[in-house]
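Descriptive structure summary
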Amino acid sequence: MQLRVALRTGLKNLVEHHVPSADLAAELLLMYLLNRERAFLYTHPDLDLSDEEVHSYFQLIAERASGRPTQYITGHQEFWGLDFEVNPAVLIPRPETEHVVETVLELISEQRLARNGSYRIVDVGTGSGCIALALASELPQASLFATDISAAALEVAARNAARLGMDKRVEFIEGDLLAPVLNPEFLGRFDFVVSNPPYVARAELEYVQREVRDFEPRIAWGDLAQGEEIYGRLFPQALQVLKPGGHAVVEIGYNKKEAVLRLLNEGWTETQVRPDLAGIPRVVTARKNG
Ligand SMILES: C[S@@+](CC[C@H](N)C(=O)[O-])C[C@H]1O[C@@H](n2cnc3c(N)ncnc32)[C@H](O)[C@@H]1O
């Protein structure tokens, strides 16, 4: 079967199964199978695929049509220009989460501080390690710590650190929120606490895409009655580990702005909300008094 025919047939199948961004998925799966860049698909439309390749491609298409996200099939997702291994133990990094990384860099430049300062940063609920590793790639002298309650997620994060050559830069620690660094060695020692924590309420989860509901790890979404509970536990802990003047930088859900701002009262100043590219309030920052 010619490449173009396989691609067209794969796409048709995905569309029939209501797969979002079906054209992109059809291409990505063929690129993955052939181990080729997108340009190859469009410069070799007449290429004859072997029977084995055709069979394998339609197997991948069937898997995607069943709802399994493309990234769990290919095992990869790009974040901040870096290639991350992903599997069902970790949330697939989202483009909007890049705003957390961007915000930390903006706060550093707004304070006229240098990129090569010796910042100490902790990423809470690191998942694939995407935020911590993106920050490590931008801040060459920073010491990064990353916590997660899921040992399986931390294994993926550690592999990503090694693959990206940054395993000496980030210390991954299993535990509940900031508990792993709530000890005398670290109290009042961090410049930034960053996090994209679970923030989707249990009832809301029923309405998200099946890719998210049925395939991404439940622990990544928490099992939350309201959605904002984690922030309520995280902010008081962040006040303990941050230096005076240190910042909390957290991603929030589209409907969480007011609830999260209400939790940033005593001990915090300069609270700001930054929108994502769609104009949705996405990142909240607050500075510890002092
Ligand atoms: C929404 S995901 C974000 C993952 C990653 N930071 C990202 O942006 O793609 C939340 C992460 O928090 C972790 N998590 C959930 N509850 C936690 C807790 N109580 N303490 C630490 N991590 C937790 C989950 O295992 C998951 O990896």
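Heads up: the structure comes first, above all this text.
Residues numbered from 1 in each chain as written. Predicted model: local features only at pLDDT ≥ 70, side-chain atom pairs only at ≥ 80, totals over all residues. Heavy atoms only, no water.

Below, the discussion takes up the site of the ligand. Around the ligand, 19 residues are found, and the nearest of them are G125, D148, D176, L177 and N196. Note that an oxygen atom of the ligand is positioned 3.5 Å from one of the backbone N or O atoms of G127. Burial of the ligand by the surrounding chains reaches 96%, relative to a free accessible area of 590 Å². When the residues that make up the shell around the ligand are grouped by side-chain class, the tally is nine nonpolar, seven polar and three charged. (Near = heavy atom within 4 Å. Polar contact = N/O pair within 3.5 Å; in protein donor to acceptor, adjacent residues only side chain to side chain. Areas by Shrake-Rupley, 256 points an atom, 1.4 Å probe, with all protein chains shown as cover. Nonpolar A, V, L, I, M, F, W, Y, C, P; charged D, E, K, R; others polar.)

Moving on to the packing of helix α6 (residues 98-110) against helix α7 (residues 130-138). Two measures define how a pair of helices packs: the angle their axes make with one another and the distance between the axes. Relative to each other, α6 and α7 sit at 35°, their axes nearing to 9 Å. For the element pair α6 and α7, the recorded crossing hand is right-handed. The residues of α7 that touch α6, namely those facing V100, V101, V104 and L105, are I131, A134, L135 and E138. Class assignment of the residues belonging to the contact of α6 with α7 gives a composition of seven nonpolar, no polar and one charged. (Axes fitted to C-alpha atoms, helices over the stretch in contact; angles between N-to-C directions. Helix = DSSP H or I, 4+ residues; strand = E, 2+ residues; numbered from the N terminus. Left-handed = near helix turned anticlockwise from the far one by under 90°. Contact = heavy atoms within 4.5 Å.)

Here we take up the pairing of strand β5 (residues 170-174). Bridge count for strand β4 (residues 143-148) against β5 is five bridges, and the pairing is parallel. Across the sheet, A146 pairs through a bridge with F172, a residue of β5. Of the crossover connections in this fold, the one passing from β4 over helix α8 (residues 151-163) to the parallel β5 is right-handed. (Pairing = 2+ DSSP bridges. Right-handed = clockwise from strand over helix to strand, strands pointing away.)

So, about the pattern of salt bridges. This model, assessed by the stated rule, comprises 19 salt bridges. Here E216 and R94 are joined by a salt bridge, their closest N and O atoms 2.6 Å apart. Placement of the pair is E216 in the loop between α10 (210-215) and α11 (218-221) and R94 in the loop between β2 (82-85) and α6, with a sequence separation of 122 residues. Overlapping salt bridges bring together E106, E110 and R274 as one network. (Salt bridge = Lys/Arg side-chain N within 4 Å of Asp/Glu carboxyl O.)

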